[in-house]
Amino acid sequence: MKVAIITGGAGGIGAATARQLLERGWGVAIADLNVDAVETWSNESKDRVFAIQADVRDKSCAADTCDKVVAKWGRIDLLVNCAGVNRHSPFEKLSLEDWQFVIDVNLTGTFAFMQAAAIHMLKSGSGAIVNISSIAGARGVPDRCAYAATKAAIDSITKSAAVGWATRGVRVNAVAPGFTETPLVRRYIDSGNIDIDQLHSTTPMRRLASPDEIASAIVFLGSDAASFITGQTLYADGGFMAEYGIPSTYKE
Ligand code: NAD
C-alpha cells in the first residue's frame, strides 16, 4: 500500500486530495490542527486513514508525525504540504506577530515537513513531495503580503529541494491553485474580505475551482505518471496566470 501524509488535510483541498488517494487504495495520514472533520469523510476507508492532531508550528511536529506514520505503515511515498493560513491587513499595518504567524505555518511548516519526510524518502530512494503554493506567490497582493511572500518562498524551496534530490529518487513539485471554493475562501467571502464577483471577473474561466480540481493536479504530481517532472509549480488557476489583463474587446 502506498502511503501519503497530508498536512492541513482535514478540510478543503487537503481533504479532497485525501479522498482521491483513498479511492486509489492509498493509506493517508492527516496531520491537522483539528482532525474532527476527518470522521465525516473517511467512513468507508477508516482503516486506511490515520488522523494525527498536529500543529505544524511545533518544532517536533514534522519529525514526530513522520515517525508515527513510518511506525504504522513502514513508508512515506507522498507528502502534501497543504496547511495554510492568511492574515488580511494593509502592508503598512500588518503586525510582526501576524507576519510571523503566517511565515511559521505556511513556510516553516512546509520546510520542516519536507525535511522530515525526505529523511525517510531518501533512505528508501523514492518519494514525491507536493507543496501547495498559490497564484498569490507570483503577484503583488496588497492586503495579503505575508501570505504571498510564503507562497513565493514555497516555489523557491520546491526548486532547491527538487534539484538537490533529483538523482536520489525524490521528486518535489508545487501546485499553485487559483481561487478555490474551500472553507478558507468561504470565510473570506462571508467576512467581506474577498469579493466573489471580483474573483470571477479576474479568472478567465469566470468561476472558482472545486477542491477536487486542485486535488487532481496534486495527485497527478504525486503519482508515477509525473515521474520525469520535478521542480515545477503547476498553476491550476482557470487561466489566471495566462491572462494579459485586458479582456478582448474585438468586434466584427
Ligand atoms: P482550509 O482552511 O480549508 O484548509 C486548511 C487546513 O489547514 C485546515 O484544515 C486547517 O485546520 C489546517 N491548518 C491551519 N493551520 C494549521 C497548523 N498550524 N497546523 C496544522 N494544520 C493547520 O484551506 P484550503 O483553501 O483548503 O487551503 C489549502 C492550501 O491551499 C493552503 O496552503 C492555501 O494557502 C492554499 N490555497 C488555497 C486557495 C483557495 O482559493 N482556497 C488558493 C490558493 C492556495
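See the structure above.
Attention in this report is confined to the structure presented alongside it. Per chain, residues are indexed from 1 in the order of the written sequence. Two thresholds apply to this predicted model, a pLDDT of at least 70 for residue-level local features and 80 or more for giving and counting side-chain atom pairs, whereas whole-chain, interface and lining totals are computed over all residues. Note that the side-chain values use all heavy atoms of the structure and ignore hydrogens as well as water.

Quick notes on the site of the ligand
Here is step 1 of the chain: Consider each residue's heavy atoms; a residue with any of them within 4 Å of a molecule or strand counts as near. As a structural note, the neighbourhood of the ligand is formed by 28 residues, with D32, D55, Y147, T180 and T182 the closest of them.
Here is step 2 of the chain: Within the side chain of D55, one N or O atom sits 2.9 Å away from a nitrogen atom of the ligand.
Here is step 3 of the chain: The term polar contact refers here to a pair of N or O atoms within 3.5 Å; inside protein, the definition further demands a hydrogen-donor-capable atom paired with an acceptor-capable atom, and it admits residues adjacent in sequence only when both atoms are side-chain atoms. At 3.4 Å from an oxygen atom of the ligand is found a side-chain nitrogen or oxygen belonging to R187.
Here is step 4 of the chain: Reported accessibility uses the Shrake-Rupley method at a 1.4 Å probe radius. Residues are deemed covered only where the shown protein chains occlude them. The fraction of the free accessible surface of the ligand (830 Å²) that becomes covered by protein chains is 92%.
Here is step 5 of the chain: Going through the elements one at a time, helix 1 (12-23), helix 5 (145-165) and helix 6 (183-190) are the ones with two or more residues in the shell around the ligand.
Here is step 6 of the chain: Numbering of helices and strands runs from the N terminus; a helix is a DSSP stretch of H or I covering at least four residues, while a strand is a stretch of E covering at least two. Here the shell around the ligand takes 4 residues from helix 6, the largest share from any one element.
Here is step 7 of the chain: Looking at the shell around the ligand residue by residue, the classes come out as 15 nonpolar, 9 polar and 4 charged. Residues are grouped as follows: Ala, Val, Leu, Ile, Met, Phe, Trp, Tyr, Cys and Pro are nonpolar; Asp, Glu, Lys and Arg are charged; all remaining types, including Gly, are polar.

Observations regarding the pairing of strand 6 (residues 170-177)
Here is step 1 of the chain: Taken across its 8 residues, strand 6 has 8 buried, putting it largely inside the fold.
Here is step 2 of the chain: In strand 6, alternate side chains face the same way, and those of V170, V172, A174 and A176 on one face and R171, N173, V175 and P177 on the other are all buried.
Here is step 3 of the chain: Strands are labelled as partners when DSSP assigns at least two bridges between them. Relative to strand 6, strand 5 (residues 127-132) runs parallel, the two being bridged by 6 bridges. Pairing of G127 across the sheet is with V170, part of strand 6.
Here is step 4 of the chain: Read as a crossover between parallel neighbours, the route from strand 5 over helix 5 to strand 6 is right-handed.
Here is step 5 of the chain: Two elements, strand 6 and strand 7 (residues 233-236), share 4 bridges in a ladder whose sense is parallel. Bridge assignment links A176 to a residue of strand 7, and that residue is Y235. For the exposure calls, accessible area comes from a 1.4 Å probe over protein chains only, and a residue counts as buried if that area is under 20% of its type's maximum, exposed if over 50%, partly exposed in between. By definition, the crossover connecting two strands over a helix is right-handed if that path, from the first strand to the second, turns clockwise as seen with the strands pointing away from the viewer.

A look at helix 1
Here is step 1 of the chain: By definition here, a helix of n residues has an expected span of 1.5 Å times n minus one. Look at helix 1: 17 Å from first C-alpha to last across 12 residues, which is about the 16 Å you get at 1.5 Å a residue.
Here is step 2 of the chain: For helix 1, the tally of buried residues reaches 10 of 12 residues, placing the bulk of the element in the interior.
Here is step 3 of the chain: The positive-phi residue at the C-terminal boundary of helix 1 is G25, with phi of around 90 degrees.

A short note on unusual backbone geometry
Here is step 1 of the chain: Backbone geometry at R206 places phi at a positive 60 degrees, although glycine is not the residue there.
Here is step 2 of the chain: Its location among the elements puts R206 in the loop between helix 7 (196-202) and helix 8 (211-222).
Here is step 3 of the chain: When its relative accessible area of 42% is taken as the criterion, R206 is described as partly exposed.

Interpretation note: all reported values are geometric properties and have no functional meaning in isolation.
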